[in-house]
Amino acid sequence: MTNLVEKLAEQAKGLGVAAAYGEQQDVDGTKLVPVALTYYGFGGGSEGDGDDAPSGGGGGGVSIPVGAYVKTSDGLRFDPNLISLIAVAIPFIWVSGKALAGIIKALKK
């Protein structure tokens, strides 16, 4: 069982900002620091004792590139990745609208 958890933890290391964008970059004296929303989870299980006991596990994760901090001689600013933000916002707005419609419908009764 320990080997399974160690293998899953090793695979989860690959998720993160580096998976979405890569490492910090320096371009002509400008530093670009990527920003991403990342989350992951994994689990494992076993039934019985001994080496022949069945076991299993799995995991997964998500990395959503949000934008980048850009540091120049003028200062620091955040440049959002608008495509990713819109892709995340559309389902959120849809769910919020459905919830609001349900609340209004319940209040009318």
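This text gives an overview of the structure that appears in the document.

Reading guide: rules and limits
Residues numbered from 1 in each chain as written. Predicted model: local features only at pLDDT ≥ 70, side-chain atom pairs only at ≥ 80, totals over all residues. Heavy atoms only, no water. Salt bridge = Lys/Arg side-chain N within 4 Å of Asp/Glu carboxyl O. Helix = DSSP H or I, 4+ residues; strand = E, 2+ residues; numbered from the N terminus. Pairing = 2+ DSSP bridges. Buried < 20%, exposed > 50% of the residue type's maximum accessible area, 1.4 Å probe, protein only. Axes fitted to C-alpha atoms, helices over the stretch in contact; angles between N-to-C directions. Contact = heavy atoms within 4.5 Å.

Here's the deal with the pattern of salt bridges
Move 1: Applying the stated criterion across every chain, the model contains one salt bridge.
Move 2: Note that aspartate 79 is salt-bridged to arginine 77, the shortest N-O span being 3.3 Å.

Notes on the environment of glycine 61
Move 1: Looking at the secondary structure, you find glycine 61 in strand E3 (residues 55-72).
Move 2: Spatially, the C-alpha atoms of glycine 61 and tyrosine 40 are 3.8 Å apart, while their sequence positions differ by 21 residues.

Points about the pairing of strand E2 (residues 30-46)
Move 1: Sheet topology note: the strand E1 (residues 25-27)/E2 ladder contains three bridges and is antiparallel. When the bridges of E2 are listed, aspartate 26 appears paired with lysine 31.
Move 2: Hairpin geometry of E1 and E2 is characterised by an intervening segment of two residues between the two adjacent antiparallel strands and by a positive phi of about 50° at aspartate 28.
Move 3: Direction of pairing for E2 relative to E3: antiparallel, over a ladder of 16 bridges.

Some words on the environment of alanine 87
Move 1: As for its position among the elements, alanine 87 is in helix H3 (residues 82-108).
Move 2: In this structure alanine 87 comes out as exposed when scored by relative accessible area, which is 51%.
Move 3: Each C-alpha atom of the pair alanine 87 and isoleucine 64 lies 9.7 Å from the other, and the pair is 23 residues apart in sequence.

Details of the sheet that holds E3
Move 1: Pairing is antiparallel across the open sheet formed by four strands, whose spatial order is E1-E2-E3-E4. The sheet is open, and its two edges are formed by E1 and strand E4 (75-80), each paired on a single side. Taken pair by pair, the neighbouring strands of this sheet meet at an average axis angle of 25°, ignoring direction.
Move 2: Seen against the sheet, H3 touches E3 and E4 and runs at an angle of roughly 130° to E3.

Description of the side chain of serine 84
Move 1: Relative to the elements of secondary structure, serine 84 occurs in helix H3.
Move 2: Residue serine 84 is classed as buried on the basis of its relative accessible area of 13%.
Move 3: Setting aside its immediate chain neighbours within four residues, serine 84 contacts Ile64 and Pro65.

Digging into the environment of valine 88
Move 1: Within the secondary structure layout, valine 88 lies in helix H3.
Move 2: Note: C-alpha distance between valine 88 and valine 66 (22 residues apart in sequence) is 9.7 Å.

Re the pairing of E3
Move 1: Pairing geometry for E3 and E4, over six bridges, is antiparallel. Note that in E4 the partner of threonine 72 across the bridge is glycine 75.
Move 2: Connecting E3 to the antiparallel partner E4 that follows it, the hairpin turn spans two residues.

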